Amino acid sequence: MWVFGYGSLIWRPAIPFEDEVVADLAGYARRFWQGSTDHRGVPGAPGRVVTLVEDPRAQCRGRAFEVPEKMVSRVVAQLDHREQGGYDRLMVPLEAADGRRLEAAVYLATADNPNWLGPASADAIADQVLRSHGPSGSNTEYVLELDRALDEIGALDPHVHAVAEAVRVRMGR
Ligand code: SIN
């Protein structure tokens, strides 16, 4: 089974895998529109994390991981738990950077989940990120690590980068 990561799974997969590849998911854009009350924020003071929103002209680049056959059920249970704050698991087609076509599980949060926050400007998102912390750490770390990891795989994302720049300005970096 393949798993597609486009957020924290890119820079902290924390799952066993026997193969990995940079891959594109067509028809979706990555956005900081999901609230996090269990990782990068707390109930009443959510952080902002990424989800995927449908956009026929968009393409989202991330990392796909192949989970060893005998570990699939344990990894699915682990990821279902990790992504339980509003994300659904579904199967999507990917185009890998090496030309392979893959079917992968992806976790995405839609507007009908209770933690959905929706669109905001990069400045407003950065303000919220700076004040948010949760059991997995600071929201700032999530944003800056994602921006760094996307740059590393040659997939700088203008939306993520704008939020990261606004965070860095506020941190005086
Ligand atoms: C993902 O990384 O693929 C899901 C969203 C997240 O946990 O950041």
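Residues numbered from 1 in each chain as written. Predicted model: local features only at pLDDT ≥ 70, side-chain atom pairs only at ≥ 80, totals over all residues. Heavy atoms only, no water.

Caption draft 1: Spatial organisation of the overall build of the protein. Across its full length, the protein carries five helices and seven strands. Over its C-alpha trace the protein gives a radius of gyration of 15 Å, about what one expects of a compact globule, namely 16 Å for 173 residues. Every one of the 173 residues in the protein was classed for burial, and the buried ones make up 51%. Considering only residue pairs separated by 6 or more positions, the protein has 74% of its internal contacts joining residues 24 or more positions apart. (Helix = DSSP H or I, 4+ residues; strand = E, 2+ residues; numbered from the N terminus. Rg over C-alpha atoms; globule rule 2.2 N^0.38 Å. Buried < 20%, exposed > 50% of the residue type's maximum accessible area, 1.4 Å probe, protein only. Contact = heavy atoms within 4.5 Å.)

Caption draft 2: Spatial organisation of the side chain of Arg30. Here Arg30 shows up in strand E2 (residues 19-36). There is a polar contact of 3.0 Å between the side chain of Arg30 and the backbone oxygen of Arg61. A polar side-chain atom of Arg30 sits 2.8 Å from a polar atom in the side chain of Asp157. (Polar contact = N/O pair within 3.5 Å; in protein donor to acceptor, adjacent residues only side chain to side chain.)

Caption draft 3: How the structure looks around the site of the ligand. Around the ligand lies a shell formed by Phe4, Gly5, Tyr6, Gly7, Ser8, Leu9, Val50, Glu83, Tyr87 and Tyr142. One of the backbone N or O atoms of Tyr6 is found 3.0 Å from an oxygen atom in the ligand. Within the contact set of the ligand, an oxygen atom lies 2.9 Å away from a backbone nitrogen or oxygen of Leu9. Notes on the ligand: free accessible area 250 Å², of which the protein chains cover 96%. When grouped by side-chain class, the residues that make up the shell around the ligand number six nonpolar, three polar and one charged. (Near = heavy atom within 4 Å. Areas by Shrake-Rupley, 256 points an atom, 1.4 Å probe, with all protein chains shown as cover. Nonpolar A, V, L, I, M, F, W, Y, C, P; charged D, E, K, R; others polar.)

Caption draft 4: Quick peek at the pairing of strand E3 (residues 47-66). With 14 of 20 residues buried, E3 is to be regarded as a mostly interior element. Summarising the sheet, strand E1 (residues 2-5) and E3 pair through four bridges and their orientation is antiparallel. The residue of E3 that forms the bridge with Gly5 is Arg63. Direction of pairing for E2 relative to E3: antiparallel, over a ladder of 15 bridges. Opposite Gln34, over in E3, you have Val49 as the bridge partner. (Pairing = 2+ DSSP bridges.)

Caption draft 5: Structural detail: the pairing of E2. A large share of E2 lies buried, amounting to 13 of its 18 residues. Sheet topology note: the E2/strand E4 (residues 87-96) ladder contains two bridges and is antiparallel. The residue of E4 that forms the bridge with Ala23 is Ala96.

Caption draft 6: Helix H3 (residues 122-130), seen in detail. Those residues of H3 lying buried are Ile125, Ala126, Gln128 and Val129. Take H3 and look down its axis: the buried residues cluster within an arc of 165°, on one side only. (Arc of directions from axis to C-beta.)

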